[in-house]
Amino acid sequence: MDKRAIAVQVGIGIVAGWLASWLVGGSGLLHYVVTGLAGSLIGGFLLERFGIDLGIRNQTASRIATATIGAMIVVLLARIIG
């Protein structure tokens, strides 16, 4: 991965983490990044595994929506476990 791809993924992680925290609670930039990046992986895996298409044709918006769904799952699971 090149530096630009990493920067884009971190940016998407921040946005997704912020959106997830806005929807289900939480705060802090590091928290946003961690939940957003983890959510990106988990959301992508789950949506692909279950064959779910969000119907979003803009690639960036689709990646943010997928990461946000995954980040929400991460936050909710952390609350259940913790």
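The structure under discussion appears in the preceding block.
Not measured: the values here are computed from a predicted model.

A. View of helix α1 (residues 3-24). In this model α1 runs 31 Å from its N-terminal to its C-terminal C-alpha over 22 residues, within 8% of the 32 Å that 1.5 Å per residue would give. Buried within α1 we find Q9, I12, G13, A16, G17, A20, S21 and V24. Along the axis of α1, the buried positions cluster into a sector of 165°, meaning they face one direction only. Pointing more than 90 degrees away from the buried face of α1 are the exposed residues K3, R4 and W22. Packing partners of the buried residues in α1 comprise α2 (29-49) and α3 (59-81). G25 occupies a position one or two residues after α1 and carries a positive phi of about 100°.

B. Inspection of the environment of I56 at higher detail. Along the chain, the position of I56 falls in the loop between α2 and α3. A residue is classified by how much of its surface remains accessible, and I56, at 30% relative accessible area, is partly exposed. Taking the C-alpha atoms as reference points, I56 and A67, separated by eleven residues in sequence, lie 13 Å from one another. Look past the residues within four positions of I56 in its chain and what remains in contact with it is A61, S62 and A65.

C. Examining the side chain of S21 more closely. Mapped onto the fold, S21 is located in helix α1. In contact with S21, other than residues within four places in its own chain, are G26 and Y32.

Reading the values: the criteria
- Residues numbered from 1 in each chain as written.
- Predicted model: local features only at pLDDT ≥ 70, side-chain atom pairs only at ≥ 80, totals over all residues.
- Heavy atoms only, no water.
- Helix = DSSP H or I, 4+ residues; strand = E, 2+ residues; numbered from the N terminus.
- Expected span 1.5 Å × (residues − 1).
- Buried < 20%, exposed > 50% of the residue type's maximum accessible area, 1.4 Å probe, protein only.
- Arc of directions from axis to C-beta.
- Contact = heavy atoms within 4.5 Å.

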